Amino acid sequence: DKESTASTSHSQHDILGPGDSFGELALLYNMRREATFRAMEDSVVYAVPRRAWESCFTRCGQRFDEYCKLLDEVHALEPLLSSERYELACNASGFVHFKPGERVIIQGKVRRARQWYVIYAGTAVMKLDSEGNPTKELAEVRRPGCFGERSLLRGDAAYDVNVDAGPEGMTCLTFNGETIRMLLMRIYTESPGFIPDIHANIEEWCQLKARTYDADLDSPCHSMDLSTGLSQIQTSAGSKKTNLENLSKLQLLGRGAYGEVT
């Protein structure tokens, strides 16, 4: 909380006081220190270890690879490029653990700091309270399901459904609601079908969220005939060939020794 000086070749360049910092350039650019810092009087200085600094400023925590793997599984995020999911992982708030039966979201309660939740382990049970009727269980969502986006996209101040951790508890990767809202809105408007209709009835919405994707019947399998330049898409309904010349170029992903990847 006292002052220090920074000097090079015994000449004084600057005087630092409370709230100032030094040493970050050497860490950021992996270079030697270009100045000597001396305390002018008794001082209290907080030191941050190199590993902690790198963890904060590369935005890649100890479980960062798990963040990326989980986000690659989320159906709602499929329209994003892998680089965009990577950037999203960099902005994650971290894992949050909930005990079995713990209420995560309370129906009708206004929250100032809203969150978006992606299930890492366990299940989320969605329940609806209605006046004069017993609580109704609407759906159970498991990894890699997500919840919390409906109120964000609708602009609702409160949630319209309860969400409890399942009988085995639940672990979620969480994101600040305001940080994620614009990205989810872009997916919702530009890539219809990846996020359910936010204007649907809440019961229908929850049922859509809980549906599992039958990969054997519905997931398309792509194969490429390099001799003809046709992409063959095999589905449960049969197969069809697509002429790649008829496809529109959306974005350049990179350039390599054999040409561009788009």
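Nothing here was measured: the structure is a model prediction, and the numbers come from that model. (Residues numbered from 1 in each chain as written. Predicted model: local features only at pLDDT ≥ 70, side-chain atom pairs only at ≥ 80, totals over all residues. Heavy atoms only, no water.)

*Asks:* Explain the pattern of salt bridges to me, please; I cannot follow it from the model alone.
*Replies:* Note on pairing: side chains with opposite charge can pair once their charged atoms come close. Under the criterion given, the structure shown has 14 salt bridges. Glu66 is paired through a salt bridge with Arg63; the nearest N and O atoms lie 3.0 Å apart. For Arg63, a relative accessible area of 32% puts it in the partly exposed group. Between Arg150 and Asp160 there is a salt bridge; the shortest N-O distance is 2.9 Å. On the criterion of sequence distance, the pair formed by Arg150 in helix α5 (residues 149–154) and Asp160 in the loop between α5 and β9 (162–176) is long-range, its members being ten residues apart. On the basis of relative accessible area, Asp160 is assigned to the partly exposed category, the value being 25%. Residues joined in a network through salt bridges with shared partners are Glu84, Arg186 and Glu190. (Salt bridge = Lys/Arg side-chain N within 4 Å of Asp/Glu carboxyl O. Buried < 20%, exposed > 50% of the residue type's maximum accessible area, 1.4 Å probe, protein only. Helix = DSSP H or I, 4+ residues; strand = E, 2+ residues; numbered from the N terminus.)

*Asks:* Could you clarify how one ought to interpret the packing of aromatic side chains in this entry?
*Replies:* The geometry of an aromatic ring pair is captured by the separation of the ring centres together with the interplanar angle, meaning the angle of the planes. Scanning the entire structure with this criterion turns up eight aromatic pairs. Note on Phe22 and Phe37: the rings are 4.2 Å apart at their centroids and 20° apart in plane angle, and the pair reads as stacked. Linking Phe22 in the loop between β2 (11–16) and α1 (24–29) with Phe37 in strand β3 (residues 36–39), this pair joins segments that are 15 residues apart in sequence. Between Trp116 and Phe175, the aromatic rings sit 5.5 Å apart at their centres with planes inclined by 45°, giving tilted as the arrangement. Residue Trp116 is located in strand β6 (residues 115–130), and its partner Phe175 is located in strand β9; the two are separated by 59 residues in the primary sequence. Since its relative accessible area comes to 0%, Trp116 is described here as buried. Of the residues examined, Phe175 reaches a relative accessible area of 1% and is grouped as buried. Members of the aromatic cluster, joined through ring pairs, are Phe64, Tyr67, Tyr86, Phe95 and Tyr120. (Phe/Tyr/Trp six-rings, centres within 6.5 Å; stacked < 30°, edge-to-face > 60°.)

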